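Examination of the molecular architecture
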Amino acid sequence: MFNYVIDEELMLKPLAPEHARPMFQLVDRSRERLRQWLPWVDGVTEQAHIASFIKNAMKLGGDNGGFSAGLWVQGELAGVIGYHEIDWHNRSVGIGYWLGEGYEGKGYMTSAVRVFVDYALLEMELNRIEIRCATGNAPSRAIPERLGFVLEGVIRQAEKLPDDYVNHAVYGLLRSEWQLLG
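Quick summary incoming for the structure in this document. (Residues numbered from 1 in each chain as written. Predicted model: local features only at pLDDT ≥ 70, side-chain atom pairs only at ≥ 80, totals over all residues. Heavy atoms only, no water.)

A count of helical and extended segments in the chain gives five helices and eight strands. Ordered by position from the N terminus, the helices and strands of the chain form the series β-β-α-α-β-β-β-α-β-α-β-β-α. Since a compact globule built from 182 residues should have a radius of gyration of about 16 Å, the 16 Å found for the chain is in line with a globular shape. A principal-axis box enclosing the C-alpha atoms of the chain has dimensions of 45 × 35 × 30 Å. When burial is assessed residue by residue, the chain has 45% of its 182 residues classed as buried. For the chain, the proportion of contacts with a sequence separation of at least 24, taken over those separated by at least 6, is 60%. For the chain, the accessible area works out to roughly 9,700 Å², and carbon and sulfur atoms hold 49% of it. (Helix = DSSP H or I, 4+ residues; strand = E, 2+ residues; numbered from the N terminus. Rg over C-alpha atoms; globule rule 2.2 N^0.38 Å. Buried < 20%, exposed > 50% of the residue type's maximum accessible area, 1.4 Å probe, protein only. Contact = heavy atoms within 4.5 Å. Areas by Shrake-Rupley, 256 points an atom, 1.4 Å probe, with all protein chains shown as cover.)

Let's shift gears to the packing of helix α1 (residues 20–34) against helix α2 (residues 47–62). Two elements in contact, α1 and α2, have axes whose closest approach is 9 Å; the angle formed by their N-to-C orientations is 120 degrees. It follows from the interaxial angle that α1 and α2 lie oblique. In this structure, α1 meets α2 at a crossing whose hand is right-handed. Across the interface between the two elements, A20, R21, M23, F24 and V27 of α1 pack against Q47, I50, A51, F53 and I54 of α2. When its residues are assigned to classes, the contact of α1 with α2 shows eight nonpolar, one polar and one charged. (Axes fitted to C-alpha atoms, helices over the stretch in contact; angles between N-to-C directions. Parallel < 35°, antiparallel > 145°, perpendicular 65-115°, else oblique. Left-handed = near helix turned anticlockwise from the far one by under 90°. Nonpolar A, V, L, I, M, F, W, Y, C, P; charged D, E, K, R; others polar.)

This next bit is on the sheet that holds strand β8 (residues 165–174). With mixed pairing, eight strands are arranged side by side in an open sheet as β1-β2-β3-β4-β5-β6-β8-β7. The strands lining the two open edges of the sheet, one partner per strand, are β1 (4–5) and β7 (150–160). Bridging between strand β6 (residues 128–134) and β8 involves seven bridges; their strand directions are antiparallel. Considered in β8, the bridge of E130 is made with G172. Along the sheet, helix α3 (residues 108–123) makes contact with β1, β2 (10–14), β3 (67–73), β4 (76–83), β5 (92–99), β6 and β8, crossing β4 at roughly 35 degrees. (Pairing = 2+ DSSP bridges.)

Once that is clear, we can look at the packing of aromatic side chains. Inspection of the entire model under this criterion finds three aromatic pairs. Ring centres 5.9 Å apart and planes at 35 degrees place the aromatic pair F67 and F116 in the tilted group. With F67 in strand β3 and F116 in helix α3, the pair connects residues that are 49 residues apart, well separated along the chain. For the residue pair F67 and F116, the accessibility class agrees, reading buried in each case. Positioned over the ring face of W72 is K13, at 4.4 Å from the centre of the ring. Looking at K160, its charged tip hangs above the ring of Y165, at a distance of 5.6 Å from the centre. (Phe/Tyr/Trp six-rings, centres within 6.5 Å; stacked < 30°, edge-to-face > 60°. Lys NZ or Arg CZ within 6 Å of the ring centre and 35° of its normal.)

Backbone geometry places R91, a non-glycine residue, at a positive phi of 55 degrees. Mapped onto the elements, R91 comes out in the loop between β4 and β5. For R91, a relative accessible area of 30% puts it in the partly exposed group. Of note in the backbone geometry, Q157 takes a positive phi value of approximately 45 degrees without being a glycine. Within the secondary structure layout, Q157 lies in strand β7.

Within the secondary structure layout, S140 lies in helix α4 (residues 138–146). Taking the relative accessible area as the measure of exposure, S140 reaches 11% and is therefore buried.

Shown next, in the form of structure tokens:
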């Protein structure tokens, strides 16, 4: 995937080394909100941590095993979305995403996830997409619900966050279902 213009406001760009600084600044500004739901936030204390993440994401993409992109709103980095490691044998993938403070509630990530779903199911010809999010994270859960994903179950104490363990809601979408929604 390359730069993808969603609309006059939104663009997806593959993560690149030059994005380390704006991504670190976004994480740093959004730290208190993000740490409620993302276990890695407290470990990101300097720009080099983000640079390492981007390097690993680029390697995974080069190995055809995943893909991560920045979501840019009017030229500013607003968040990140990515395919977790692609299971080519079973033709499935997970999608993860996060938005920085001030960008939530505007439909930006729903638009980005829609693009990622289209690409995975229609271009890559995958069969299944999964999204997992903490059961208490209503904004994150609203995205797969809005896009027609099916709540397949809840995994108890699936993730350790700074304050406690959280349960994960597991959403799934099949290519045949997406084509019907189209």
